[in-house]
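Structure at a glance
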Amino acid sequence: MINFTVANLGPDGTYYWTVLNGTSADADFSAVSGSFKVSGSTGGIENGTGSFTVTPIKDFTTEGGQTFQVQVRSGSISGTISSSLISLPEYSLNEFDG
């Protein structure tokens, strides 16, 4: 599992995350989208926080380095992008035991 904490987001409410494949594929993850709650925004300032988890699936293939990105959006899964893109390596057969 890869845990993400998003800070400086607001207003409070539901936000949505989506995995964008760089060199990975949808089949590399248990889910490629979801939602999470943001709370703690104060005084109209976008200073709330929230967290979510992306879970890579062990694919029994050593593929070399793979990357993916996560977008955080407001309003809906296709709403306005609220965060920068985040790129991380995807785990291969020998690196991920989950």
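To be clear, the structure that these remarks concern was listed above.
Below: a short report on this structure. Per chain, the residues get numbers from 1 upward, laid out in the order the sequence is written. At least 70 in pLDDT is required for a residue's local features to be given in this predicted model, at least 80 for side-chain atom pairs to be given and counted, and no such filter applies to totals for whole chains, interfaces and linings, which use all residues. Computation of side-chain values: all heavy atoms of the structure, hydrogens and water removed.

Focus: the overall build of the protein chain
Defined as follows: Numbering of helices and strands starts at the N terminus; helices are DSSP runs of H or I of at least 4 residues and strands are runs of E of at least 2. Note on contacts: a residue pair is in contact if any heavy atoms of the two residues lie within 4.5 Å.
Looking only at helices and strands, the protein chain features zero helices and seven strands. Helices and strands appear in the protein chain in the N-to-C order β-β-β-β-β-β-β. Here the analysis covers contacts within the protein chain between residues at least 6 apart in sequence; of these, 63% occur between residues at least 24 apart.

Description of the side chain of Arg 73
The cut-off we apply is this: Distance and chemistry together define a polar contact, namely a pair of N or O atoms within 3.5 Å, with one atom able to donate a hydrogen and the other to accept it when in protein, and with adjacent residues in sequence counting only for side-chain atoms on both sides.
For Arg 73, the location among the structural elements is in strand 5 (residues 66-74). Among the polar contacts listed, one links the side chain of Arg 73 to the side chain of Gln 71, at a separation of 2.7 Å. Within the structure, the side chain of Arg 73 is placed 2.6 Å from the backbone oxygen of Gly 79, a separation counted as a polar contact. For Arg 73, the contacting residues outside a window of four places in its chain are Tyr 15, Tyr 16, Ser 78, Gly 79, Thr 80, Ile 81 and Ser 82.

Side note on the nonpolar core
How we decide: What we call a nonpolar core is a set of buried Ala, Val, Leu, Ile, Met, Phe, Trp, Tyr and Cys residues that are connected through their side-chain atoms within 4.5 Å. For every residue, the accessible area obtained with a 1.4 Å probe (protein chains only) is divided by the maximum for its type, and the residue is called buried under 20%, exposed over 50%, and partly exposed between those limits.
Membership of the largest hydrophobic core comes to 15 residues, with the highest contact counts inside it found for Phe 36, Phe 52 and Val 54. Of all the elements in the fold, those that place two or more residues in this core are strand 1 (2-9), strand 2 (13-21), strand 3 (33-38), strand 4 (48-54) and strand 5. At four residues, strand 1 tops the list of elements feeding residues into this core. If we skip the residues at most four places from it in the chain, Val 54 touches Met 1, Ile 2, Phe 4, Trp 17, Val 19, Phe 29, Phe 68 and Val 70.

A few points about the packing of aromatic side chains
Here is the rule: Only Phe, Tyr and Trp rings take part, Trp by its six-membered ring, and two of them pair if their centres are within 6.5 Å. Stacked means planes under 30 degrees apart, edge-to-face means over 60, and tilted covers everything else.
The final tally for this structure, using the stated rule, is four aromatic pairs. Centroid distance Tyr 15 to Phe 36: 6.3 Å. Interplanar angle 35°. Geometry classified as tilted. Placement of the pair is Tyr 15 in strand 2 and Phe 36 in strand 3, with a sequence separation of 21 residues. On the numbers, 4.9 Å between centres and 35° between planes, the contact of Phe 36 with Phe 52 is tilted. Of this pair, Phe 36 sits in strand 3 while Phe 52 sits in strand 4, placing them 16 residues apart in sequence. Taking relative accessible area as the criterion, Phe 36 reaches 5% and is therefore assigned buried. Taking relative accessible area as the criterion, Phe 52 reaches 6% and is therefore assigned buried.

Function cannot be inferred from these measures alone, as they are strictly geometric.
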